[in-house]
Amino acid sequence: MVTLNDYLFASGLLFAIGFAGVLLRRNVIIIFMALELMLNAANLSLIGFSRYNAHDGLPDYNGQVLVFFIITVAAAEVTVGLAIIVALFRARQTTHVEDMNTLKF
Amino acid sequence: MNLSPWIILFAPFVSAVVIVLFTERFKKLSSYISVAAVAISFVFSVAVFFGQDGTASFNWIDLGTFQVKIGYLINDLTRLMLLIVTGVGLLIHIYSIGYMAEDRGRSRYFCGLSLFMFSMLGIVLANNFIMMFIFWELVGFSSYLLIGHWFYRPAPPAAANKAFLANRLGDFGFMLGILVVWSASGTVTFDELSGHWSTLGLSPGFMTAAALLIFCGAVGKSAQFPLHVWLPDAMEGPTPVSALIHAATMVAAGVFMLVRTYFLFEPSPTALDVVLWIGLITSLLAALMATQQDDIKRVLAYSTLSQLGLMIAAVGLGAPQAGMFHLFTHASFKALLFLGAGSVIHSLQNEQNIWQMGGLQKKMPVTFWTFLIGTLALIACPPFAGFWSKDDILASSDRNIPAFLAIAAVTYLTAFYMSRLFVVAFLGQARSELARHAHESPRVMTIPLILLSIPACIAGFPFIASLFIKVPEHEGSPIGSMAVSLIAFAAGAASGYYLYKEKARDSIEIPLFEHKFYFDEMYGSLIKWTQDLLANISGFVDRWVIDGTVVRGLGGITWGAGFALRFLQVGNLQAYAFLFGAGVVLLLYFILFGTK
């Protein structure tokens, strides 16, 4: 029997993997993908809550609606983020975060 | 309710307001309004003089426990003072019509006179300290306006400033004194204070301090040493103003106030001694300075100082009635002398140097004779008014040998410098072109002179004076004091007459007296020195304390904090992300487990 905890465990694992990717990988595009992974980890936990908070045999649709919002925001974010990465690449000829370090003292 | 005191008080005020608001452009009308107002005050003062004692007041400001009341207190002192102020004031107003006939600021001048009368009458009528203080300040302000009347010349505004500042200095002490009295007794009304003050059980030191603080006010307003410097300079104002300020009103206010609040001084012998010696020092210094002045008005100014010193000394001797008696006689003959001097100055086209005068006996007979009467009254020649009142002061000092000698010396000096003034200015030959063409002043000026010379002649006789004032009775030997007074007068007058008879210029030169003991220079350098010192101290505080710690300190802390914190901005994107994540973890930890 699959329980809510399993969903949440999988979601937490995904989130941790995503966060580790953001912290450890050097390529901006990979970091970006890791970010998407974190968003989807959140989606998974929302779906899990929706599924296990059923009333009268129906799942709680609030969670599912929120997932759609997140997907929409993620799509918009990808558009903007990729555009920034392309612009950065044009300016710097690199996608490595270590070369993008001018935002400091 | 008795309306007369209110009418006396507010008639000049209404006149001032009307002149300012409506008749500024009609100069003749303004002067008549002002004269009419003071005439109304005079008529009602006469009515009050024959009326009853009384007091009345209404609340002006009510702040719970603290109430400012406006009210009047009529008693013997008020009656006499009202008569002096409005009587002499009326004559001076009339005289001003002639004296200021060609002045273009006449409306402003008469407005100032009316305002001055209003303030002075307020002091006289006041039944409590607060009201007296308000009008006290108003007198200072209106005298400022009058002294600085010819503001387009350099000297009058400077003199006006000086008068105002010296007065403010004294008034500050006066205000402190009022606060001290109020805090000790809870009341500022003269009636309530006079009964209770000595029964409050205050320590002698406290009573002395309170009395001396109140005395500060009189020192400023009556121009006593060390604040006497403003009065001679106040001669820069028009001559009728000098007569008004010096004879019956402003400077007399200080003496009047001392007599009114004598109950504060009575229980403190130390305070009375200070009052006595301040008065005597002023009197002596001023008399010495007067002997070397060449300006006719300045001689009179110093003689005013000297006489005021005597009145103050009389209060200090515990004989306020003698002081008031002298104030009463002095008011008439000093106004007479100033108006006489004004008449001379007017006909000599503003020449004030006595060495440019001379030989005026034939050309200005009325001025000559009335001035002679005034002089004789001032130098205590029997039987003129000044003789009786000065003798009273002398007699009341017969237990205090140093004071007695000082007063006798002042009497001698007064006789000396006044006969010098009279001999040089009026007798002998005309010493300048202007004096040769002198002519008698118009009747509007000479009639007040004649009217004023009547009280200067007769006001001193005990049977006449007792109609107006309680002439002090003294035990001991009035004959002795009278003899001393007579000898001093005769010696002074004779030496003045023979030293200056037929002289073309001053035969004695004492620079110390001529330069007024260098008081102005001393004050000038003292003020410069203290000002420099203060400026240096505040400069140091500003540069090192304010700028150093507060301004630069605050800026430095902000800058330092920014400097330390900017090392966190490493520029590595992933470091930021890590810190962000760590922050979230910390926050979660505190939210979930921190409350336990």
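Residues numbered from 1 in each chain as written. Chains lettered and ligands numbered in written order. Predicted model: local features only at pLDDT ≥ 70, side-chain atom pairs only at ≥ 80, totals over all residues.

A. Expanded view of the overall build of chain B. The secondary structure content of chain B amounts to 25 helices and 2 strands. The principal-axis extent of the C-alpha atoms belonging to chain B is close to 115 × 60 × 55 Å. Taken across its 596 residues, chain B has 52% of its residues classed as buried. The long-range share in chain B, meaning contacts at least 24 apart out of those at least 6 apart in sequence, stands at 81%. (Helix = DSSP H or I, 4+ residues; strand = E, 2+ residues; numbered from the N terminus. Buried ≥ 20, exposed ≤ 12 C-beta atoms within 10 Å, placed from the backbone. Contact = placed C-beta atoms within 7 Å.)

B. Inspection of the packing of helix H2 (residues 27-49) of chain B against helix H4 (residues 106-125) of chain B at higher detail. Residue and element names in this part refer to chain B. Taken N-terminus to C-terminus, the directions of H2 and H4 make an angle of 15°; their axes are 8 Å apart at the nearest point. Looking at the two axes, H2 sits roughly parallel to H4. Read as a crossing pair, H2 and H4 show a hand that is left-handed. Contact with H2, carried on its side by Lys27, Ser30, Ser31, Ser34, Ala37, Val38 and Ser41, involves Arg106, Ser107, Phe110, Cys111, Leu113, Ser114, Met117 and Leu121 of H4 and no other residues of that element. (Axes fitted to C-alpha atoms, helices over the stretch in contact; angles between N-to-C directions. Parallel < 35°, antiparallel > 145°, perpendicular 65-115°, else oblique. Left-handed = near helix turned anticlockwise from the far one by under 90°.)

C. Seen up close, the pairing of strand E1 (residues 54-63) of chain B. Residues and elements named next belong to chain B. Of all 10 residues in E1, 0 are buried, a share of ten percent or less. As judged from the 9 bridges shared by E1 and strand E2 (residues 66-74), these two strands associate in the antiparallel manner. Each residue of the ladder has a partner; that of Ser57, found in E2, is Gly71. Between E1 and E2, which pair antiparallel and follow one another directly, the connecting turn spans 2 residues, one of which, Gly64, has a positive phi of 70°. (Pairing = 2+ DSSP bridges.)

D. A look at the nonpolar core. Residues and elements named next belong to chain B. Residues Met120, Val255, Ile312, Ala313, Ala335 and Ala425 are the most contacted members of the largest nonpolar core, which totals 195 residues. Looking at this core element by element, the count peaks at 17 residues for helix H18 (residues 401-426). Beyond its immediate sequence surroundings of up to four residues, Ala313 is in contact with Leu276, Gly279, Leu280, Ser283, Ile393, Ala403 and Ile407. (Core = buried A, V, L, I, M, F, W, Y, C linked by C-beta atoms within 7 Å.)

E. Representation of helix H20 (residues 443-458) of chain B in the model. Residue and element names in this part refer to chain B. If you check H20, its first and last C-alpha atoms are 23 Å apart, about what 16 residues at 1.5 Å a residue would give, namely 22 Å. Residues of H20 that are buried include every one of Met445, Thr446, Pro448, Leu449, Leu452, Ser453, Pro455 and Ala456, and no others. In this structure, the buried side of H20 is in contact with helix H3 (76-99), helix H15 (320-347), helix H16 (365-378) and helix H17 (385-396). (Expected span 1.5 Å × (residues − 1).)

F. Representation of the interface of chain B and chain A in the model. Every contact between the two is made by 11 residues of chain B and, on the other side, 10 residues of chain A. Broken down by class, the residue content of the side of chain B that touches chain A amounts to 5 nonpolar, 5 polar and 1 charged. (Nonpolar A, V, L, I, M, F, W, Y, C, P; charged D, E, K, R; others polar.)

G. Region of interest: the environment of B:Ile147. Residues and elements named next belong to chain B. On the secondary structure map, Ile147 appears in helix H5 (residues 129-147). On the basis of neighbour counts, which here come to 29 C-beta atoms within 10 Å, the residue Ile147 falls in the buried class. Setting aside residues no more than four positions away along its own chain, Ile147 makes contact with Pro156, Ala159, Ala160, Ala163, Ala234, Glu236, Gly237 and Val241.

H. Structural detail: the packing of H15(B) against H17(B). All names here are of chain B. Where H15 meets H17, the axes come as close as 9 Å, and the angle between the chain directions of the two elements is 155°. Judged by the angle between their axes, H15 and H17 are roughly antiparallel. Of the two elements, H15 crosses H17, and the hand of that crossing is left-handed. In this structure, H15 uses Ala322, Phe325, His326, Thr329, Ser332 and Phe333 to contact H17, whose residues at the interface are Ala385, Gly386, Ser389, Lys390, Asp392, Ile393 and Ser396. Partitioning the contact of H15 with H17 into residue classes produces 5 nonpolar, 6 polar and 2 charged.

I. Fine view of the environment of A:Ile29. Residues and elements named next belong to chain A. Looking at the element boundaries, Ile29 is found in helix H2 (residues 28-52). For Ile29, a count of 13 C-beta atoms within 10 Å translates into the label partly exposed. When the C-alpha atoms of Ile29 and Thr102 are compared, they prove to be 19 Å apart, with 73 residues separating the residues in sequence. In this structure, Ile29 is in contact with Ile85 and Thr95, ignoring residues within four places of it in sequence.

J. Highlighting the environment of B:Arg443. All names here are of chain B. Tracing the backbone shows Arg443 in helix H20. Exposure remark for Arg443: the 11 C-beta atoms within 10 Å place this residue in the exposed category. The spatial distance from the C-alpha of Arg443 to the C-alpha of Arg420 is 28 Å, given a sequence separation of 23 residues.

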